Amino acid sequence: MWRYRCKSHLISMLIGFAVGCLIAYISVNQHMDVYMSLYPSEVISYIQKNQLFFYAMSGLSIAGIVNIIRLMELVGEKWNISPFIIIMLMIFVPEVFLYIGIALVIPVVIVCLVGMIQLKLGKTGDFTSGVLTPDQELVRMYTLRHPLKMEVKELAETCRKTSQKIQMVYTLGLIAVICVIFLVSNIWILIIGFLIFLFSFNILSRYRASNIVPIISLLYDQCDPESCASAIILFSTRGKKVHLQMHTILAQCLIYMDEPELAQDVLTRFPKKDKMSIIQYWTLMAYIYYLLKDEHSIERCKEELKKATQRTAFSSVITTSDEMASIQNKIDLMNGELNTCRKYYLKKLQTAQVTCQQVDASYYIGLISFVEKDYPLADVYFKRVVAMGNKMCFVSKAQGYLEKLSKMNIDPAEEQV
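Computed from a prediction, not measured in an experiment: that's the story for all the values here. (Residues numbered from 1 in each chain as written. Predicted model: local features only at pLDDT ≥ 70, side-chain atom pairs only at ≥ 80, totals over all residues. Heavy atoms only, no water.)

## Quick look at the overall build of the protein
Here's step 1: Helix and strand content of the protein: 22 helices and 2 strands.
Here's step 2: Sequence separation of 24 or more characterises 68% of the internal contacts of the protein that already satisfy a separation of 6 or more.
Here's step 3: Roughly 22,900 Å² of accessible area belongs to the protein as shown, and the carbon and sulfur atoms make up 62% of that amount. (Helix = DSSP H or I, 4+ residues; strand = E, 2+ residues; numbered from the N terminus. Contact = heavy atoms within 4.5 Å. Areas by Shrake-Rupley, 256 points an atom, 1.4 Å probe, with all protein chains shown as cover.)

Next up, the structure:
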């Protein structure tokens, strides 16, 4: 998990170092009178004679602040420590955290470089073995099988531009927070500033999530995985460069397009940065392995999910149990526990919040009913799949079963009598 954070951690520290140097440069050249009123003449003379060293130390201080913030994020996620507790500790004992952050800058830079190299070598090895492909190759493979739906291009570009604006605002806000920590010494101003930042960050995060809802809705509500996948690819494309976003949604699109191998490649590129992303990864991989008829790998997904959910926060318990039940259901399907699976899908059909989940559950209820020769029930659910499924792969499969039922000359009304 930590390797996926190395690049962003290193970049954020470099940005912090540059901001610190810039602040020091402006202070020395435009606000030296402030330093003269605060420090002895010997200190002022030393700063003037060693300006580059002063710039570097200022940059190192800001980089240390950024470093300790990123490290505390990782610690909080690993041991489920509330961010509010971490922020309060950093406010009341800032010197301790500052010294730790500065002292760990060089070691963390080395660790980040090693992690990036290991991740790069791992990706290169996977690519040569045919397991993993770059984003450009994934898109090429996709377009060979499914042409992009250009009617969603305007939607994708609009969402991408909004996302870029949100990212710019977030970056400026983070720089402002770093400057406040560095320049303001009043504890109450720091507390108020952090509370405002947390409130603003929460609003920004919600707005960022709502920005991609129209793209996700193409799959969840309209049951059109091809349009959704096309929108994600166009959203992730800037000129000739492709940096895939929304990996889990794209993988779901490919699953519902009956492309499990390609979905597997997409998830292999998915950066597993936190527990929730790991949970999503193993849950979707279990579905993919079911489609590939690999029961041993589904069992491994279950074990990995158990490891990932150890020491999970209470708020995530319900979500985790749902994901675990989903994987167990795939194992039951592989083992022919049809009655257990029928109960699972009937419950899933009642609790499904989006249309594509209802289609998924309806198809498997129809399939189980067909296998158990409950043809009237199978007929009902297959027709429901055809009516609601739009362009999901379940539609053509359900139509195939309906044709078989038709050739068998089974009248659902007579069977019920």
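Here the narrative resumes.
## Structural notes on unusual backbone geometry
Here's step 1: The phi dihedral of cysteine 223 is positive, around 55 degrees, even though this residue is not glycine.
Here's step 2: Mapped onto the fold, cysteine 223 is located in the loop between α11 (213-220) and α12 (225-235).
Here's step 3: Here cysteine 223 falls in the buried class, since its relative accessible area comes to 1%.
Here's step 4: In the Ramachandran plot, asparagine 390 falls in the positive-phi region, its phi being about 55 degrees despite a non-glycine side chain.
Here's step 5: The residue asparagine 390 is located in the loop between α20 (375-388) and α21 (393-407) in this model. (Buried < 20%, exposed > 50% of the residue type's maximum accessible area, 1.4 Å probe, protein only.)

## Structural notes on the pattern of salt bridges
Here's step 1: According to the stated counting rule, one finds 8 salt bridges in the structure shown.
Here's step 2: A salt bridge links lysine 149 to glutamate 226, with the nearest nitrogen and oxygen atoms 3.5 Å apart. Of this pair, lysine 149 sits in the loop between α8 (135-145) and α9 (153-183) while glutamate 226 sits in helix α12, placing them 77 residues apart in sequence.
Here's step 3: Its relative accessible area of 22% is what places glutamate 226 among the partly exposed residues.
Here's step 4: The partner of glutamate 303 in a salt bridge is lysine 306, and the shortest N-O contact between them spans 4.0 Å. Here lysine 306 and glutamate 303 lie together in helix α16 (residues 295-308), a separation of 3 residues that amounts to about one turn. (Salt bridge = Lys/Arg side-chain N within 4 Å of Asp/Glu carboxyl O.)

## What to know about α16
Here's step 1: Counted at 1.5 Å a residue, the expected span for α16 with its 14 residues is 20 Å, and the 20 Å between its end C-alpha atoms agrees.
Here's step 2: Those residues of α16 not exposed but buried are Ser297, Ile298, Cys301, Lys302, Leu305 and Ala308. Looking down the long axis of α16, one finds its buried residues gathered within 150 degrees of arc, a one-sided arrangement. The outward face of α16, more than 90 degrees from its buried face, is lined by the exposed residues His296 and Lys307. (Expected span 1.5 Å × (residues − 1). Arc of directions from axis to C-beta.)

## Side note on the packing of aromatic side chains
Working definition: an aromatic ring pair is given by the centre-to-centre distance plus the angle between the planes.
Here's step 1: Under the definition given, this model contains 13 aromatic pairs.
Here's step 2: On the numbers, 5.3 Å between centres and 80 degrees between planes, the contact of tyrosine 363 with tyrosine 364 is edge-to-face. Each member of the pair, tyrosine 363 together with tyrosine 364, is buried.
Here's step 3: Pairing tyrosine 363 with phenylalanine 394 gives two aromatic rings, centres 4.8 Å apart and planes at 20 degrees, and the pair type is stacked. (Phe/Tyr/Trp six-rings, centres within 6.5 Å; stacked < 30°, edge-to-face > 60°.)

## Overview of the side chain of lysine 302
Here's step 1: Checked against the element boundaries, lysine 302 lands in helix α16.
Here's step 2: No salt bridge is formed by the buried lysine 302, whose closest oppositely charged neighbour, glutamate 299, lies at an N-O distance of 5.2 Å. (Lys, Arg positive; Asp, Glu negative; His and termini not counted.)

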